[in-house]
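Architecture and fold: a report
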Amino acid sequence: MNVRPEIQVQLDALGEMLVHWLTQVRHPAQFWPQFELLAGEILDQCEHAERGQAHAAIQTILKRHAPQLPNWHQRDDRLPPGTPGE
């Protein structure tokens, strides 16, 4: 299944922004929180059937552009340990 056109537009924009962010940030740690937030918002808009493809597209963007991926770069729907609501 392909993702909806509006999701694809957001994924494309995320990939384009990534190149600019990485040249502008002083340290990669400044980049990751914003990227995670935007990628998460895209995934949250996905229907169940398109979520896997959108996640794969985000991983491809990261592998193509990001200099070093932290261990936690993969997002899932679990809450981090110690988060209220567990």
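Placed above this text is the structure.
Just so we're clear, the structure is a prediction, and the values are computed from it rather than from any experiment.

The rules we used
- Residues numbered from 1 in each chain as written.
- Predicted model: local features only at pLDDT ≥ 70, side-chain atom pairs only at ≥ 80, totals over all residues.
- Heavy atoms only, no water.
- Helix = DSSP H or I, 4+ residues; strand = E, 2+ residues; numbered from the N terminus.
- Buried < 20%, exposed > 50% of the residue type's maximum accessible area, 1.4 Å probe, protein only.
- Contact = heavy atoms within 4.5 Å.
- Areas by Shrake-Rupley, 256 points an atom, 1.4 Å probe, with all protein chains shown as cover.
- Expected span 1.5 Å × (residues − 1).
- Axes fitted to C-alpha atoms, helices over the stretch in contact; angles between N-to-C directions.
- Parallel < 35°, antiparallel > 145°, perpendicular 65-115°, else oblique.
- Left-handed = near helix turned anticlockwise from the far one by under 90°.
- Nonpolar A, V, L, I, M, F, W, Y, C, P; charged D, E, K, R; others polar.

Moving on, we get to the overall build of the protein. Regarding its fold elements, the protein presents three helices and zero strands. In the protein, the succession of α and β elements from N to C terminus is α-α-α. Residues counted as buried form 29% of the 86 residues belonging to the protein. For the protein, contacts bridging at least 24 residues in sequence account for 64% of all contacts bridging at least 6. For the protein, the accessible area works out to roughly 6,000 Å², and carbon and sulfur atoms hold 54% of it.

So, about helix α3 (residues 48-65). Since one α-helical turn is 3.6 residues long, residues separated by three or four positions face the same way. The end-to-end C-alpha distance of α3 is 27 Å, a good match for the 26 Å that 18 residues give at a rise of 1.5 Å each. Three or more residues of α3 are buried, namely E50, A54, I58, Q59, I61 and L62.

Moving on, we come to the packing of helix α1 (residues 5-24) against α3. The interhelical angle for the contact between α1 and α3, taken along N-to-C directions, is 20°, at an axis separation of 10 Å. Looking at the two axes, α1 sits roughly parallel to α3. Judged by the sense of rotation from one axis to the other, the crossing of α1 with α3 is right-handed. Seen from α1, the contacting residues are I7, L11, L14, G15, L18, V19 and L22; seen from α3, they are E50, A54, A57, I58, I61, L62 and H65. By residue class, the composition of the contact of α1 with α3 is 11 nonpolar, two polar and one charged.

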